[in-house]
Amino acid sequence: MKPEISVIGTGRMGSALVRALLNQGYPTRVWNRTAERTAPLLALGAQAARTVAAAADAASIVIINVSDYAASDRLLRTAEVEAALRGRLLLQLTSGSPGQAREAAAWAARHGIDTLDGAIMATPNFIGEPGATILYSGPAMLFARHRPVLLAFGGNPQHVGEDPGHASALDAALLVQMWGALFGALQGIAVCGAEGIPLAAYEAQMPAFKPVVDLAVADLVGRVRQGRLAGDEATLASVGAHHAAFRQLLELYRERGLDGTVPGAFDRVFRAAIAAGHEADDFAVLSRYVG
Ligand code: NAD
């Protein structure tokens, strides 16, 4: 017998979660602030819950996916809903900070509610696909027990720690790498624009350069993990070598009158490390100056 599941919040992501559950044959009940948004899901076979408390009461697994923790707290932190959730699994799939996840786990523990915090590393169209990843933190025993249900959302559910904040924290660590790449591309676009280079020519050079960047990032993370911050035989480029090339970028920005806010921040990190005598060290030594 498949467990009864309730999903609170049927926006873009919540609706994708419900569709994935229905596809796998889970009896699924839905509640949304604006009931009209549940109509397409009811047409697919979901049941409607009249209230959040009724949704919680009717299921053994309750999933919440709303805009943020403030909205989630307003829905869940009433005496009626807390009582209905007691003894059930609450799967918190709303995005939040690690601190919010830890505080929510403490609230759940006070009310006898089992909980896992999930960070969805996918857009709604990937939900249910073999490669879709959701990171979960909280008790490993709960993750193991409910893994069959979690597999409905995609083929790659990952338990990343007992600390309830660690799914959100890893989410942040991966997203900041994405923003680094996106802000990097914005600067590349600005350089090409200022120099009259068509963006198609920039795009054409990317595939050949990508392995160089990927290797440099992997090397950086590995060296920091191993504490190998000093320059050595395996160093790909020292701090000084990086900064010499980086200064050419700053010169181009000056020549073309580009806004130097973003590269200026990188330059401050380079200069702090060099002022402290790290010019010959590996780029990995900059880990002491970021964070
Ligand atoms: P959405 O705007 O489509 O849906 C938001 C949902 O929150 C709706 O169901 C809305 O009714 C509900 N909501 C908002 N405020 C509320 C309130 N005060 N009371 C009750 N309900 C309220 O957003 P979405 O894209 O579905 O995102 C939902 C969550 O999923 C967010 O935490 C988001 O960060 C996370 N997420 C989304 C994506 C994505 O690609 N869309 C990816 C990963 C994680």
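Basis of the calculations
Residues numbered from 1 in each chain as written. Predicted model: local features only at pLDDT ≥ 70, side-chain atom pairs only at ≥ 80, totals over all residues. Heavy atoms only, no water. Pairing = 2+ DSSP bridges. Helix = DSSP H or I, 4+ residues; strand = E, 2+ residues; numbered from the N terminus. Near = heavy atom within 4 Å. Polar contact = N/O pair within 3.5 Å; in protein donor to acceptor, adjacent residues only side chain to side chain. Areas by Shrake-Rupley, 256 points an atom, 1.4 Å probe, with all protein chains shown as cover. Nonpolar A, V, L, I, M, F, W, Y, C, P; charged D, E, K, R; others polar. Buried < 20%, exposed > 50% of the residue type's maximum accessible area, 1.4 Å probe, protein only. Core = buried A, V, L, I, M, F, W, Y, C linked by side-chain atoms within 4.5 Å. Contact = heavy atoms within 4.5 Å. Arc of directions from axis to C-beta.

### Points about the sheet that holds strand E5 (residues 89–92)
Judged by pairing direction, the sheet is mixed, and its eight strands sit side by side in the order E3-E2-E1-E4-E5-E6-E7-E8 without closing on themselves. Looking at strand neighbours, the two that pair on one side only are strand E3 (47–48) and strand E8 (156–159), the edges of this open sheet.

### Regarding the site of the ligand
Around the ligand, 20 residues are found, and the nearest of them are Arg12, Met13, Asn32, Val66 and Ser95. Here methionine 13 contributes a backbone N or O atom positioned 2.7 Å from an oxygen atom of the ligand. Serine 95 is positioned such that a nitrogen or oxygen atom in its side chain is 2.7 Å from an oxygen atom of the ligand. In the complex, 78% of the free accessible area of the ligand, which totals 820 Å², lies under the protein chains. Counting residues per element, the ones that place at least two in the shell around the ligand are helix H1 (12–23) and helix H4 (69–76). A per-element tally of the shell around the ligand places H4 first, with three residues. By residue class, the composition of the shell around the ligand is seven nonpolar, nine polar and four charged.

### With respect to the side chain of threonine 94
Looking at the secondary structure, you find threonine 94 in the loop between E5 and helix H6 (98–110). When its relative accessible area of 1% is taken as the criterion, threonine 94 is described as buried. Among the polar contacts listed, one links the side chain of threonine 94 to the backbone nitrogen of valine 66, at a separation of 3.1 Å.

### Things to note about the nonpolar core
Counting residues in each nonpolar core, the largest one holds 29 residues, and the members touching the most others are Leu21, Ile63, Leu91 and Phe153. Here this core gets seven residues from one element, more than from any other, and that element is H1. The contact partners of isoleucine 63, leaving out residues within four places of it in the chain, are Ile5, Ser6, Val7, Ile8, Leu17, Leu21, Leu91, Leu93 and Phe153. Ala56, Ala59, Val62 and Leu90 belong to the second largest nonpolar core, which has 18 residues in total.

### What about the environment of aspartate 114?
As for its position among the elements, aspartate 114 is in strand E6 (residues 114–120). Given a relative accessible area of 30%, aspartate 114 falls into the partly exposed group. A sequence separation of 149 residues divides aspartate 114 from proline 263, and the C-alpha atoms of the two residues are 46 Å apart. Among residues more than four places away in sequence, those in contact with aspartate 114 are Arg88, Leu89, Leu90, Leu142 and Arg145.

### A word on H4
Buried within H4 are the following residues: Tyr69, Ala71, Ser72 and Leu76. The buried residues of H4 occupy an angular sector of 155° when projected down its axis, which confines them to one face.

### Examining helix H7 (residues 140–150)
For H7, the full list of buried residues reads Leu142, Phe143, His146, Val149 and Leu150. Along the axis of H7, the buried residues cluster in a sector spanning 100°; they form a single face. In H7, the exposed residues that point more than 90 degrees away from the buried face are Ala144, Arg145 and Pro148.

Keep in mind that these numbers describe shape and distance, not what the molecule does.
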